[in-house]
Amino acid sequence: MKKLINHPDDVVRESLEGFAAAHADLVRVTMSPATIVRVDAPVTGKVGILSGGGSGHEPLHGGFVGLGMLDAACPGAIFTSPTPDQMLEATRAVNGGAGVLYIIKNYTGDLMNFEMASDLARDEGIAVESVIIDDDVAVNDSLYTAGRRGVGLTVLAEKITGAAAEQRRSLPQVAALCRQVNAQGRSMGMALTSCTVPHVGHPMFELPDDEMEIGIGIHGEPGRRRVKLQPADAVAEMLMEPVMSDLGLKPGDDVLLFVNGMGGTPLTELYIVYRKAAEIAAKNGLKVTRSLVGPYITSLEMAGCSITLLKLTDDLTALWDAPVRTVGMRWGI
Amino acid sequence: MSNTVITLDEVVAWILAYARAISENRAMLTELDAAIGDGDHGANMDRGFKAVSAKLQAGGTDISQVLKTTGMTLLSTVGGASGPLYSTIFLQAAQACAGKTQLTLQDWIVMMDAAAKAVVARGKAAAGDKTMLDALIPAVQALKDAAVAGLSLADALRASAKAAEDGMEATLPLIARKGRASYLGERSAGHIDPGATSTYLLFKTAAAALAQPQVQARKW
Ligand SMILES: Nc1ncnc2c1ncn2[C@@H]1O[C@H](COP(=O)(O)OP(=O)(O)OP(=O)(O)O)[C@@H](O)[C@H]1O
Ligand SMILES: [Mg+2]
């Protein structure tokens, strides 16, 4: 294992300490329990937007704490859900009297920990709503699985609900909006290489030089199938087709096209994928009116990408364009 | 002659022994989870039980309190799916034995039964879904069967460890329906479930640490 770390046990803490030192203008960081909170929280009268999950997906979630996006993030150990005490602490810190929305990626661990946290928060009289993001079309949504994973769409949901909360929309309204985003967006990812969790010390799965894994999530877990390595254009087709057909998009629909890097793929390559994905969208009559390209929800140093499509409405577009000032996303200000 | 009751010291010794077993088997649990999950089960459990160990070094004053401390510590240190689930086991067991200064086989059955039911309620999984329940449910059933058959407490604990082991091994061919492993679909078959393995260790250490002859019980 070749990593820029000191000791595997200290990765999350030391990274968080560096994050706190670098971005004291935007966030307040507590270490025990670990929380990342917007520097001016709680914002009176505003719904607090809170998310969290395992570490290793940076800039998600901590990098999205700030004006116009998240009020707080709870980082867990690498690829491991955070704990209820972290969530409760963060909930208290961001409750400005209008309640708190939990944006939860659909993983068993995250669900159970957030569920326990919301019970504790409600016991303290804080209004809490939860929305589960489950956009990964690579997973069959059936009785026989834990359901679809929450992946790329989480980034877009955090941006859009954050903007709505900034407009002082109510907790039920912001929660409904988040559910709308989840209903109108889908993603699919692929990997060229696996990734190594520091305390494991070796790659999560072996991927020969001439093969790639289609349908991976964001935790280095193996995907749905393994195929021979193919050019970027073919990869874009493999990801776009299932996403488009699952969303049931119609010609003329406005969409946001998001090509996400998994951590180890340079922007140069992501733009090659974007080029083809946009071409496929156009060929299907879709109007790509907004786009995002870059490593926003990563899987440590995994090479690969995911594609997310979100069907836009005028409301969603305006919220997407609204000002945001976070470590990972910043515009309009 | 083994004892007919479980003492406070033994409960503490059991949890400390389990913490050691987790630490010793950390790499193995991680390997199992890397095959069908995300490779963090060993680290998750070890992080939690190291914290529990530190809290219990001084022993305890009350069985229910020791179990509750264990559950609360796990809740704030483990994370993942196993954090809330293992926490639930200890918190339920604590509730079910509140006020008792020693535990009979009947008490132990009531505690483990409550724990298993609460894990089902929290995780919404069932037997055969390839989870820790595949070790937990048979272990509880074996305790009940042992009581009906009139076995001693020590023999009942051994029977539950054996049932948990069999249950763990029986997860090998199963296709996971809950947790991360379910994303793999049929590719999850052919691997033993990591959570079932850590649960087997829980019952294995219980059989070794609980209901010991008095002389031995003081040795830890
Ligand atoms: N719904 C469930 N009910 C009972 N046990 C479960 C459930 N989901 C997962 N498990 C158990 O949890 C074990 C995995 O625990 P682990 O500590 O690896 O958490 P995790 O699933 O990786 O959590 P996270 O997704 O946050 O990383 C599985 O092997 C399984 O036995
Ligand atoms: Mg795991």
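Residues numbered from 1 in each chain as written. Chains lettered and ligands numbered in written order. Predicted model: local features only at pLDDT ≥ 70, side-chain atom pairs only at ≥ 80, totals over all residues. Heavy atoms only, no water.

Visitor: Quick question: what am I supposed to make of the interface of chain A and chain B here?
Guide: Often the size quoted for an interface is simply the accessible area lost on bringing the parts together. Facing 34 residues of chain A, the contacting portion of chain B comprises 32 residues. Carbon and sulfur atoms make up 53% of the surface buried where chain A meets chain B, a total of about 2700 Å² over both sides. Linking chain A to chain B there are three salt bridges. In this structure, the connection of chain A to chain B is made through ten residue pairs in polar contact (both at pLDDT 80 or more). Considering every element that reaches the side of chain A that touches chain B, the biggest residue donor is helix α3 (residues 108-123) of chain A, with six residues. Class assignment for the residues of the side of chain A that touches chain B results in 13 nonpolar, 13 polar and eight charged. (Contact = heavy atoms within 4.5 Å. Buried area = accessible area lost by both parts, 1.4 Å probe. Salt bridge = Lys/Arg side-chain N within 4 Å of Asp/Glu carboxyl O. Polar contact = N/O pair within 3.5 Å; in protein donor to acceptor, adjacent residues only side chain to side chain. Helix = DSSP H or I, 4+ residues; strand = E, 2+ residues; numbered from the N terminus. Nonpolar A, V, L, I, M, F, W, Y, C, P; charged D, E, K, R; others polar.)

Visitor: Please clarify how the packing of helix α5 (residues 171-184) of chain A against helix α8 (residues 314-321) of chain A should be interpreted in this entry.
Guide: Residues and elements named next belong to chain A. Two numbers describe how α5 lies on α8: the axes approach to 12 Å, and their chain directions differ by 105 degrees. The angle between α5 and α8 falls in the class roughly perpendicular. Residues Leu-177, Gln-180, Val-181 and Gln-184 of α5 touch α8, and the partners they reach there are Asp-315, Leu-316 and Leu-319. Across the contact of α5 with α8, the residue classes break down as four nonpolar, two polar and one charged. (Axes fitted to C-alpha atoms, helices over the stretch in contact; angles between N-to-C directions. Parallel < 35°, antiparallel > 145°, perpendicular 65-115°, else oblique.)

Visitor: Explanation requested: the coordination of the magnesium ion (ligand 2) in the structure shown.
Guide: For a metal with four tetrahedral donors the ideal donor-metal-donor angle is 109.5 degrees, whereas six octahedral donors ideally subtend 90 or 180 degrees. All names here are of chain B. With distances of 2.1 to 2.2 Å, the protein atoms coordinating the magnesium ion (ligand 2) are Asp-33 (OD), Asp-38 (OD) and Asp-40 (OD). Each donor residue of the magnesium ion (ligand 2) lies on one chain, and together they are spaced D-x4-D-x1-D. Both residues of the pair, Asp-33 and Asp-38, belong to the buried class. (Donors = N, O, S within 2.8 Å, 3.2 Å for Na, K, Ca; no water. Buried < 20%, exposed > 50% of the residue type's maximum accessible area, 1.4 Å probe, protein only.)

Visitor: Before we go on, may I ask you to explain the site of ligand 1 in this structure?
Guide: Taken together, 26 residues surround ligand 1, and among them Phe-79 of chain A together with Asp-38, Ser-82, Arg-180 and Asp-193 of chain B come closest. At 2.6 Å from an oxygen atom of ligand 1 is found a side-chain nitrogen or oxygen belonging to Asp-193 of chain B. Alone, ligand 1 offers 640 Å² of accessible surface; in the complex the protein occludes 97% of this. Among the secondary structure elements, those contributing two or more residues to the shell around ligand 1 are α3 of chain A together with α3 (41-56), α5 (82-96) and α9 (194-209) of chain B. Of the residues contributing to the shell around ligand 1, the split by class is seven nonpolar, twelve polar and seven charged. (Near = heavy atom within 4 Å. Areas by Shrake-Rupley, 256 points an atom, 1.4 Å probe, with all protein chains shown as cover.)

Visitor: Honestly, unusual backbone geometry in this entry has me stumped. Any pointers?
Guide: When glycine is set aside, most residues are seen to have a negative phi, and most peptide bonds are trans. For the bond running from Glu-58 of chain A to Pro-59 of chain A, omega is 10 degrees, close enough to zero to count as cis. Between Leu-60 of chain A and His-61 of chain A the backbone carries a cis peptide bond, its omega angle lying at -15 degrees. Inspection of the secondary structure assignment puts His-61 of chain A in the loop between β3 (48-55) and β4 (72-78). With phi around 60 degrees, Phe-79 of chain A is a residue other than glycine that occupies positive phi space. By the element assignment, Phe-79 of chain A lies in the loop between β4 and α2 (84-94). You will see that Lys-130 of chain B, though not glycine, has its phi angle at about 65 degrees, which is positive.

Function cannot be read off these values alone, since they describe shape.
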